[in-house]
Each structure stands twice: as structure tokens, then as C-alpha cells.
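Remarks on the overall topology
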Amino acid sequence: MNKKIISAFLLASIVSGSLLAQEKGDPKATEFYTPVPKVVTPGNTTADAPSDAIILFGGKNLDQWVSMKGEPASWNVADGILTVSKTAGNIQTKKSFTDYQLHLEWRIPANITGTGQARGNSGVFLASTGSGDA
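Let us now look at the overall build of the protein chain. Helix and strand counts for the protein chain come out as 1 helix and 4 strands. Put simply, the protein chain has 134 residues, and 10% of those count as buried. Of the contacts formed within the protein chain by residues at least 6 apart in sequence, a portion of 43% connects residues at least 24 apart. As displayed, the protein chain has an accessible area near 11,700 Å², and 56% of this comes from carbon and sulfur atoms.

Core analysis: the biggest nonpolar cluster contains 5 residues, these being Leu62, Trp65, Ala73, Trp75 and Ile91. If sequence neighbours within four positions are ignored, Trp65 has contacts with Leu56, Phe57, Ala73, Ile91, Gln92, Thr93 and Lys94.

Time to look at a nonpolar patch on the surface. Residues Ile54, Phe97, Tyr100, Leu102, Leu104, Trp106, Ile108, Ile112, Val124 and Leu126 make up a contiguous nonpolar surface patch of about 1,000 Å² in total accessible area. Looking at the element boundaries, Ile112 is found in the segment after strand E4 (91-93). Residue classification places Ile112 among the partly exposed positions, given a relative accessible area of 35%.

Turning our attention to unusual backbone geometry. Look at Asp79: it is not a glycine, yet its phi comes out positive at around 55°. By the secondary structure assignment, Asp79 is in the loop between strand E2 (76-78) and strand E3 (81-83).

Taken as a whole and judged by the stated rule, the model has 1 aromatic pair. Ring centres 6.4 Å apart and planes at 70° place the aromatic pair Phe97 and Tyr100 in the edge-to-face group. Taking the relative accessible area as the measure of exposure, Tyr100 reaches 40% and is therefore partly exposed.

Its place among the elements puts Gln101 in the segment after E4. Sequence separation between Gln101 and Ala53 is 48 residues; the distance between their C-alpha atoms is 9.2 Å.

For the rest of this paragraph, the subject is the confidence of the model for the protein chain. Mean pLDDT over the protein chain: 78, with 75% of residues reaching 70 or higher. Contacts from residues 6-15, a stretch scored under 50 in pLDDT, to residues over four places away or in other chains number 1 contact.

The rules behind each value
- In this numbering scheme, every chain counts its residues from 1 along its sequence in written order.
- Thresholds applied to this predicted model are a pLDDT of at least 70 for local features of residues and 80 or more for the giving and counting of side-chain atom pairs; totals over whole chains, interfaces and linings are not thresholded and use all residues.
- Only hydrogens and water are removed before side-chain values are computed, so all heavy atoms of the structure are retained for them.
- Elements are defined by DSSP. Helices are runs of H or I of four residues or more, strands are runs of E of two residues or more, and each kind is numbered from the N terminus.
- Type-normalised accessible area, obtained with a 1.4 Å probe on protein chains alone, sets the label of each residue: buried when under 20%, exposed when over 50%, and partly exposed for intermediate values.
- Contacts were defined at the residue level, with two residues in contact if any of their heavy atoms lie within 4.5 Å.
- Each accessible area value is a Shrake-Rupley result obtained with a 1.4 Å probe; residue values ignore everything except the protein chains displayed when judging cover.
- What makes a nonpolar core is a set of buried Ala, Val, Leu, Ile, Met, Phe, Trp, Tyr and Cys residues whose side-chain atoms join them at distances within 4.5 Å.
- Candidates for patches are residues over 30% relative accessible area with no salt bridge; among them, like charges are joined within 9 Å and nonpolar side chains (Val, Leu, Ile, Met, Phe, Trp, Tyr) within 5 Å.
- Just to be clear on terms, a salt bridge is a Lys or Arg side-chain nitrogen sitting within 4 Å of an Asp or Glu carboxyl oxygen.
- Paired rings are identified among Phe, Tyr and Trp, the last through its six-membered ring, by centres lying within 6.5 Å, and are further divided according to the angle between planes into stacked (under 30 degrees), edge-to-face (over 60) and tilted (the rest).
- Confidence of the predictor in every single residue is expressed as pLDDT, which spans 0 to 100.

This is the structure in C-alpha cells:
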């Protein structure tokens, strides 16, 4: 047999084997399992972060944050709580993220006063362009 016939025979065998595996519902015939994702260990309690989490605020400081101008973030941190400083402007993470899950905890004031946007902050901006004020 010449090389062209052998190559054609091998190709036909591979294709028919793949089609047969698909008919039997074998996902390994059509799915690729690389890269293999890392195993993520959940926290011991609901308050613990999973093993792959990047903690951006741990209740103590704003080391992972900067102002929109790139200066150190100057919002208020006290008793494990981060509070917006309206005069300081928006803040953003030092790191950039393209694929993520976000876990966020927040609370609102007990006595809300004012109307419209004056009643509280604007929330969390995802995929920010880096402009705007608090």
C-alpha cells in the first residue's frame, strides 16, 4: 500500500471512530479537558473566603484600592467597615479583572434622608472606564 492510501484509511478510521463515540454519547470524543481547572476549597464557615479568592477589602485597610487618579484611596475604614467619602471621589481596585465572580456585602443607613441620588451611594461600577465621582 502506498502512503496516500494508508493516510486516507487512517483518517477514515479516526473519523468513523469519533462519529461512533458521539452516537454513543461519549463526551470525551468531542470535549477537551485542558487546561484542568484548579480545585477550589470552600471556606470553613460562610464568612470564610474560598481558596482562590482575591480579597480586596479585609476590613482593615485600602491597600488594594486607589483613587481614580491613581492616588491612595481615602475612603473611611473603621470597625471592619469601608464607608464612602463623598469628597474623595470614586475608588477602584489596583488589579484589573476580566473573568471573575464578585462577592459583595453592604448595608444601608438606618435613617435614610434626602431624595434621589442624595439618599445614598450609586453602588458598584463594574468594568468602569475610570471616570466619575462618588
